[in-house]
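Residue strings, one per chain:
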Amino acid sequence: MDTSSILRIIEASKKDFETISDSVWDHPEVCFKEVESTKVQMNFMKVRGFRITTPLAEMKTAFMAEYGNGSPVIAILGENDALAGLSQKADVAHEDAIAAGGNGHGCGHNLLGTAGMEAVYALKTYMEENALPGTIRYYACPAEEGGGGKVFLSRAGVFDDVDCALTWHPGTDNRVDNAGLACVTFNLTYHGTAAHAAVDPWNGRSALDAVELLNVGVQFLREHVKPDTRIHYSILDCGGSAPNIVQHTAKVMYCVRARLSADMEDVYRRVLKVADGAALMTETTLDPPEIINVYNGFVANPTLDRLLLKHIKAVLPLDYTEEELAYARRFQACGVDKDAAFPVNMVIDERLDPAPVGSTDVADVSHVTPTSVAKVSTAAIGTPWHSWMVTAQGKSSIAKKGMHAAAAVLALSALDLFLDPSLVAQVHSDFMEATQGAAYHTMLPAAKKPQNFE
């Protein structure tokens, strides 16, 4: 494989993609509202000869940029959404918002989507230079942060003709990230009868009592679920602030996670039974559950994972200047790994079966087509993700070096797939073995639509 040509193309276009990454950082937009981010990416790809398809799955900030024809069809996934409340000045090693309460790229998605574009652009250039057949696609996927954009894309069949999907995520480590807990987030609302708590409490039926009994019941349920199950909750509406009124309404949000989608769905049903029991005990009524979002568990693909790991090991670790290391030490001092000997993680974790610790909508794509994810360090060691520290480092040279490295890993992995049909066949064999040919399934209600920006 001509590795040097891919690296040459990436080197020659670095500045273009650093400008795009900075532009996305400068316009932090939350889920389904990635208007400026989408515009800058889509215009770049259109000018460079990609066929653009938008919207996708009724999402105005989703688009596909495509080059080539025929098989294989290789997709690289990008994300552009920021997080609310994580506004932060660049390169400042203490919390200092640009705009109080504003948005910020506290998950590194300005790097994530840009590296995906960079990889696809490098592949297009290589395919043109070498008359290489096949189809390469970049998908701009909205609303990873809580909106589940890839769930809507998967449900709409957007990935049905894709042979393999690759993506990456910024972080503080270097590895294959092929694990994710299935997750359902939902609201439960109780309705009771208001009464004065001193004058006639016997006439009241407390919706807040129902929520509290539900929470107690779920605490007992925790003993009887599998070890990888997680159950979280937050009371959204406690029925008011007056203690002398029997609360006639109350609302709680629950999140149920498990490694396997079937286990998550089972625990979800059991929580609903506890919720029904709380309504019976308090003589209140319970609205049907309002599902906010649902992610499936991740379907790992050993062949695709090994391919990504091969190129992670080829591209990493990176070299850093003394100035960059001094920069990283300033942020290391604010993080959770202050005693680490080196301020940037240089270790490559070669495990291919990491324990899942969170949930992602990339997992839904893995139920439709073989999928794998790389993780590349873009911030000082010990940087807590979804924090102001991530936003602050998002325009640094360390972040951009990680972005270019991730683009190289994705492009080189995809090129292997273009050049070796037997590799694609083995990837598909792994996928069929893992899924047993089952059709894609999601608990997301058919009536649930993306929350498009108007």
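For the structure itself, consult the block above.
Residues numbered from 1 in each chain as written. Predicted model: local features only at pLDDT ≥ 70, side-chain atom pairs only at ≥ 80, totals over all residues. Heavy atoms only, no water.

Engineer: I tried to follow the side chain of D430 on my own but got confused; where do I start?
Structural biologist: Along the chain, D430 turns up in helix α13 (residues 421-435). Although D430 is buried, it forms no salt bridge, and the closest oppositely charged side chain is R306 at an N-O distance of 4.9 Å. Not counting chain neighbours up to four residues away, the residues in contact with D430 comprise N301, P302 and T303. (Helix = DSSP H or I, 4+ residues; strand = E, 2+ residues; numbered from the N terminus. Buried < 20%, exposed > 50% of the residue type's maximum accessible area, 1.4 Å probe, protein only. Lys, Arg positive; Asp, Glu negative; His and termini not counted. Salt bridge = Lys/Arg side-chain N within 4 Å of Asp/Glu carboxyl O. Contact = heavy atoms within 4.5 Å.)

Engineer: Which parts of the structure should I look at to understand the environment of S372?
Structural biologist: With respect to the helices, strands and loops of the structure, S372 is situated in strand β14 (residues 371-377). For S372 and A300, which are 72 residues apart along the polypeptide, the C-alpha to C-alpha distance reads 7.0 Å. Contacts of S372, omitting those with residues within four sequence positions, involve A165, L166, T167, V176, L304, D305 and L308.

Engineer: Quick question: what am I supposed to make of helix α1 (residues 3-12) here?
Structural biologist: Of all the residues in α1, the buried ones are S5, I6, I9 and I10. For α1, the angular spread of buried residues about the axis comes to 135°, placing them on one side. Away from the buried face of α1 by more than 90 degrees, exposed residues S4 and A12 are located. Looking at the buried positions of α1, the neighbouring elements they touch are α2 (14-26), α4 (109-130) and α12 (397-419). (Arc of directions from axis to C-beta.)

Engineer: Help me understand helix α8 (residues 302-315) in this model?
Structural biologist: Quick reminder: α-helices carry 3.6 residues per turn. Residues three or four places apart thus point the same way. Taking 1.5 Å of rise per residue, 14 residues should cover 20 Å, and α8 covers 20 Å from first to last C-alpha, within 8% of that figure. Burial in α8 covers these residues: T303, L304, D305, L307, L308, L309, H311, I312 and V315. Where α8 is buried, its residues meet β5 (164-171), β6 (175-176), β14, α12 and α13. (Expected span 1.5 Å × (residues − 1).)

Engineer: Would you mind going over the sheet that holds β6 with me for this structure?
Structural biologist: Across a sheet, paired strands are connected by hydrogen bonds in the backbone, their directions being either parallel or antiparallel. As summarised here, the arrangement of the seven strands in space is β1-β2-β4-β3-β5-β14-β6, forming an open sheet in which the pairing is mixed. The open sheet has two edge strands with one neighbour each: β1 (51-53) and β6. Two strands pair when backbone bridges link them, and strand β3 (residues 73-79) and β5 are joined in this way by three bridges, in the parallel orientation. For I76, the partnering residue across the bridge sits in β5 and is L166. This element, helix α3 (residues 35-47), spans β1, β2 (63-69) and β4 (134-141) of the sheet and lies at about 15° to β2. (Pairing = 2+ DSSP bridges. Axes fitted to C-alpha atoms, helices over the stretch in contact; angles between N-to-C directions.)

Engineer: Sorry if this is basic, but what is going on with unusual backbone geometry here?
Structural biologist: Excluding glycine, residues mostly carry a negative phi; peptide bonds, for their part, are mostly trans. Note the cis peptide between S71 and P72, where omega equals -5°. Within the element layout of this structure, P72 appears in the loop between β2 and β3. For the peptide bond that leads from L316 to P317, omega is 0°, which places it in the cis range. Residue position: P317 is located in the loop between α8 and α9 (322-332). For Q436, which is not glycine, the phi dihedral falls at a positive 55°.

Engineer: Sorry, what's going on with the side chain of D263 here?
Structural biologist: Here D263 is to be found in helix α7 (residues 261-282). Looking at D263, the relative accessible area reads 16%, which means it is buried. With residues near it in sequence (within four places) discarded, D263 still touches K226 and A258.

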